[in-house]
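Architecture at a glance
Read off the chains here:
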Amino acid sequence: MLAIRGRIVPLSADRAVTPGELDGFVGTVWIGDDGMVSAVTRGRTATPAGFEAARVVDVGSSLVFPGLIDLHNHLAYNTLPLWTDPNRPADKPFLHHNTWPGARTYAADVTWPAYTFITASPEELLAYAETRAIVGGTTTIQGSPPKNRPRDGWVVRNAEDEKWGGRDANLVYASTLTLKPAGLADKAVRMRHGSSFIYHCSEGQAGTVVAQEFHDAQAAGCLQERFIAVHCNAVAPKAFSTWRKHGAVVWSPFSNMWLYGSTTNVPAAMEAGQTVCLGSDWGPSGTRSVLGELKVARLVSDDHGWGLSDSDLVRMVTSNPGDVLARSWKRQVGRLQPGSDGDVLVIRATRRADPFHALVNARERNVDLVVIGGRAQYGTPALMAAAGSTVTTALTVDGEARAMLLPRPDDPASPWEWHDVMARLEKVRSDPKRAIERGRLKQDAAMAAAYLARSRNGGGSWSSTSRPSASPPPTPLRLALDMPTGLAPLGGLPKTLTEIVVPPLAGLSHDREFLNSIVGRGYHRGLLDDLAGFYR
Amino acid sequence: MADLSLHAAAAQRGMLLSDVLRRRRRLIPALGPGERLKVIDTLVPLLEGVYCHLPQKRAGYAVDPVQALRLLRQRCVELTDGEFHLAITGIITGLRDAHTRYVGPSGLRGRVATLPFLVESFGSYAAARFIVSKLAETADVEDPDFVEGVELVSWNFVPMSRAVDVYATQETGGRPDARRARALETLTFRSLDYGPPPDEHSVVVGFKVGRTLHEVRIPWRVVGIPPATMAKDPQVALKAGWNPAAESVRKAKKLMFAPAAWDAQRLEGAKRKAPQRKTSAPEPDSAPAASPVVGSGAAVGGWIASSLPDVLSARTVPTKRGDVGYLRIWSFDVDDHEAFVTEVRRLLQELPQDRLIVDLRANPGGLIWAAERSLQLFTDEMIRPTRFSLLATPVTRAMAESAFNRLELDAWVESLTDAVSTGEVYSQPIALTDPAWCRDIGRTYPGAAVLVVDPNTYSSGDLFSAGWADHGIGPLVSVGQATGAGGANVWDDLQLSEALTGTAYEFDPLPDGIHFTMAIRRAIRSGRSDGVPIEDLGIRGIPYALTRRDLMEGNRDLHNFCAQTLHDWASS
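Residues numbered from 1 in each chain as written. Chains lettered and ligands numbered in written order. Predicted model: local features only at pLDDT ≥ 70, side-chain atom pairs only at ≥ 80, totals over all residues. Heavy atoms only, no water.

**A few points about the interface of chain B and chain A**
Each side of the interface is counted separately: chain B has 43 residues, and chain A has 42 residues. Summed over both sides, the interface between chain B and chain A buries roughly 3,600 Å², with carbon and sulfur atoms accounting for 60% of that surface. Per-residue buried area on chain B facing chain A is highest for B:F404, B:R406 and B:L407; these three make up 22% of the total on that side. In this structure, the salt-bridge partner of A:K495 is B:D440, at a minimum N-O distance of 2.1 Å. (Contact = heavy atoms within 4.5 Å. Buried area = accessible area lost by both parts, 1.4 Å probe. Salt bridge = Lys/Arg side-chain N within 4 Å of Asp/Glu carboxyl O.)

**Describing empty space enclosed by the protein**
This model, assessed by the stated rule, comprises 7 cavities of 30 Å³ or more. The volume enclosed by the largest cavity comes to roughly 480 Å³. In terms of lining residues, the largest cavity is bounded by 25 residues, among which A:Y115, A:Q443, A:R478, B:Q235 and B:F404 are the most central. Listing elements by their share of the lining of the largest cavity, those giving two or more residues are α1 (106-120) and α13 (432-456) of chain A together with α9 (234-237), α15 (406-409) and α18 (493-500) of chain B. Ranked by residues supplied to the lining of the largest cavity, first place goes to α13(A) with 4 residues. Broken down by class, the residue content of the lining of the largest cavity amounts to 13 nonpolar, 6 polar and 6 charged. (1 Å grid on protein atoms, 1.4 Å probe; cavity = no way out; pocket = protein on both sides within 12 Å on 5 of 7 lines; lining within 4 Å. Points joined across faces, edges and corners; volume = space filled by probe spheres on them. Helix = DSSP H or I, 4+ residues; strand = E, 2+ residues; numbered from the N terminus. Nonpolar A, V, L, I, M, F, W, Y, C, P; charged D, E, K, R; others polar.)

**Regarding the sheet that holds strand β6 (residues 138-141) of chain A**
What the 3 strands build is an open sheet, ordered β5-β6-β7 (chain A); its pairing is parallel. Across the chains shown, the open sheet's two edge strands, defined by having one partner strand only, are β5 (68-70) and β7 (157-158) of chain A. (Pairing = 2+ DSSP bridges.)

**Side note on the sheet that holds strand β20 (residues 476-479) of chain B**
Whenever strands of a sheet pair, they do so through backbone hydrogen bonds, lying parallel or antiparallel. Residue and element names in this part refer to chain B. Spatially, the 6 strands line up as an open sheet ordered β13-β14-β15-β19-β20-β23, and their pairing is mixed. Each edge of the open sheet carries a strand with a single partner, namely β13 (312-317) and β23 (542-544). Geometrically, the sheet is characterised by an average inter-axis angle of 25 degrees between neighbouring strands, direction not taken into account. The strands touched by helix α17 (residues 460-470) are β15 (355-359), β19 (448-453) and β20; relative to β19, the strand with the most contacts, the crossing angle is about 140 degrees. (Axes fitted to C-alpha atoms, helices over the stretch in contact; angles between N-to-C directions.)

**A closer look at the state of the cysteines**
Residues and elements named next belong to chain A. Applying the stated criterion to the full structure yields 0 disulfides over all chains. There is no disulfide at C201, and the cysteine sulfur nearest it, in C232, is 4.6 Å away. Residue C201 is classed as buried on the basis of its relative accessible area, which comes to 0%. (Disulfide = S-S within 2.5 Å. Buried < 20%, exposed > 50% of the residue type's maximum accessible area, 1.4 Å probe, protein only.)

**Re the confidence of the model for chain A**
Per-residue confidence for chain A averages 93 on the pLDDT scale, and 96% of its residues sit at or above 70. Scored below 50 in pLDDT, residues 460-469 of chain A makes 20 contacts in the model with residues more than four places away or belonging to other chains. (pLDDT = per-residue confidence, 0-100.)

Set out below in structure tokens:
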């Protein structure tokens, strides 16, 4: 049992917690052993029954939010820096999502390095990407790459993989690539049966051919309440109102501005009743986490005169996506109220700081504690210890010491040292060819061993003479890339693997290197340069 | 060196087949009824949904392996274990496709049954004569008159020609000449991974010494040869075009007739840690290329040292028209196509620059990239690589659409999807070798070159031959009617299982170490024969019948014929 005491900003829909959804108060969030929020109480003295022995972590004037939700990402690519096509004129933004994969440099700059990591170090890659997310206060993220089995020891919740202890692995479907009508219709059926579908839809400049994708989705019956359309920046404003069973639009302003120089018409989507959420997209064209995306959303709203308030933006990373996911999960994240999941974010703030303004302006060094399912997953060493998470690994973020629960994939009882994760990724980066070849051999050998073991054991359930044997060797984690592969030889890779160059690993936070890499690049016409202003 | 010889000698000796079979019966439990059903129920949907030659085999041989397996399923429980495996083997072998094989129970994995001699034929197909072209040092042959060069007249009391053709019915090979060639290749060397052991424990061979008929009884022995594996790198292995059984046999022949080279390679393999092969000059303790594996009376000595002695040999050969360069490509079984092409290029530069014989006889295939990229070294013409297509079925569609197969199969997704409405039997054919890779080096050999093939030139050997013919690189001489006609890219069951994992068609491993290989993507020629399949047809050339002198005197007549052919080609 864990309790977090401080300035609670619950974004609760439960009127018993707060009269107004945006209200905050000094109080305590009580999380039971089941990882669920049992109560949210006001003041510093009330203790719900049964929580007398709870470990109470008092964060003083710091703000206690629901954990942030990043509803659009591509984790396999988050070691990569921002990408531009050096051969494309600076005044010619890409038209839509089918144009930039055709850039000559795309495969070499994006696909090949990502392939290197998923092949040679899949566990470390996901550990890195999820750590970057939690460093930015994220507790749930979408966009984990296709994988052959669930990954043990995750750092943050994966939207597609979360089963909540049940057997249904298909609560959330996702597709990055454009589907044909039959595929969309299939997803429409699945949505009617209770699943959510996250679909990259109409990503591109307004008025381009990809706007048709929205209409194709409509024709296939997808415009339902469990349809989560990512981007939609090519969708005409009026089209949103045809989506009568209101669903969700995921907005990635940095990525849109970077690639297309324009972005989703968020006011139109909101006016049409769609729930707007934020997502940081991916390394080659996105922020490091939704903590950065909040700021970009602020910049875009101000620049476009949309009048989005800080609370509007905060909802886009908390209660909005939480409610959207609840439509299929049947569980609530993104709000702190009885019955919701105990995912909590503590943002360091002064007593008088406006909560929503503080969160929009927060840097990684302000992320003091992240709790997922009632367990302190990341935070300052002091708060992690206070919360009872002591078997941790140490890392430095934005100049400050942090501790994180990161179990070893081969030994969940032992901490995986962060420097080991980084050392492995750097080793892979230093010799991609060797790393890929070894990774392939290792995966293949493990799969062959598992295959042979199952064969020797009678080949599975059919055998009437199957011989009991020791457990088969664990299946190695295998990942697949989910983004376009770009122009490359058949097989997607260069003639010789020596041609593959992996760039230096992108940092975990919105550091100076990232901010400098924005200036004079991309198609945002300088708008994104102002992101640096939040980090002075 | 004494240790190496002892090791090689022990490996050569192996064990008597009779002893191995006796032990095997104790080690290998029979398949239960459920397991037999599983074998059949796994193979049927894969043959129907993935096997790329199914329509062609049904048409060409009036066979239907799917129906045959369904019929077998009804009676499989009543069969003995041996009958069951033989029945499956017979159905699969009946496809006449060396790419598609049933690999029986694991008790005989990695073994090759051997007799200590090679049988080769000379003369025309209709009037073939059979001789012992190579004889290893062995105590198993008690008749001192049984030497290299003797003509064989009977095999287990059956006239030789008849005996070979009867055995050929158990072998793959579409055309009669291909079946006979395959039969001769495995008459005395049988990979037990891909076929049953010989019925007899010993053979009684009738041979002539002058006019006198002799008979000698020779026992079968079993040697250990690690199962042939195509490329260590699993992604590279998906680009394999080879006859795995022939590759095992090739290695067994190397052990038998070039034990020093076999031993040197064994040591080299033990030292090798990284997947890629060295491209530097061979180390002193490795066997020089002067001991080529096997071949029709290949000579020893005078070979240029090669960093890839297992797959490449080169030297100058004398002919009636003067010295001619000679490059033997034994196999394309390499991990590193760049190293292979680099080494071929280097060898070419050391040979006479005006005339060249490229010998691909008995090349069982290997890495498609190695074969196709090498073609550019011989011509100024832009090489258009062979293209490959998948059978258009729900299974291949699901396989191609899987996220894990995007890099490998994504290019075929669109045409596989369109095939639903167009009724196309196959997907669009797409090259496995990037065309840019086939012209990134350019011509190295300036002179005229002739390619020599035979019905055991298979798979990637077929592709190389097709490219040679279809781009008019030079004349093509064919011992027999044509190449072996292996027109596909082949995967094994593990590769196929991985590719189908996560789809509605994923399957469990077959029980008890049973495996299979299957032709997955069908090869279609390009250039002058654009659109023509390779399977069952092969690549035809100028016909040539080997002479006795070829077999016993280092291909002398063949070399002369090639030199004359080059002369005629240049004059025409």
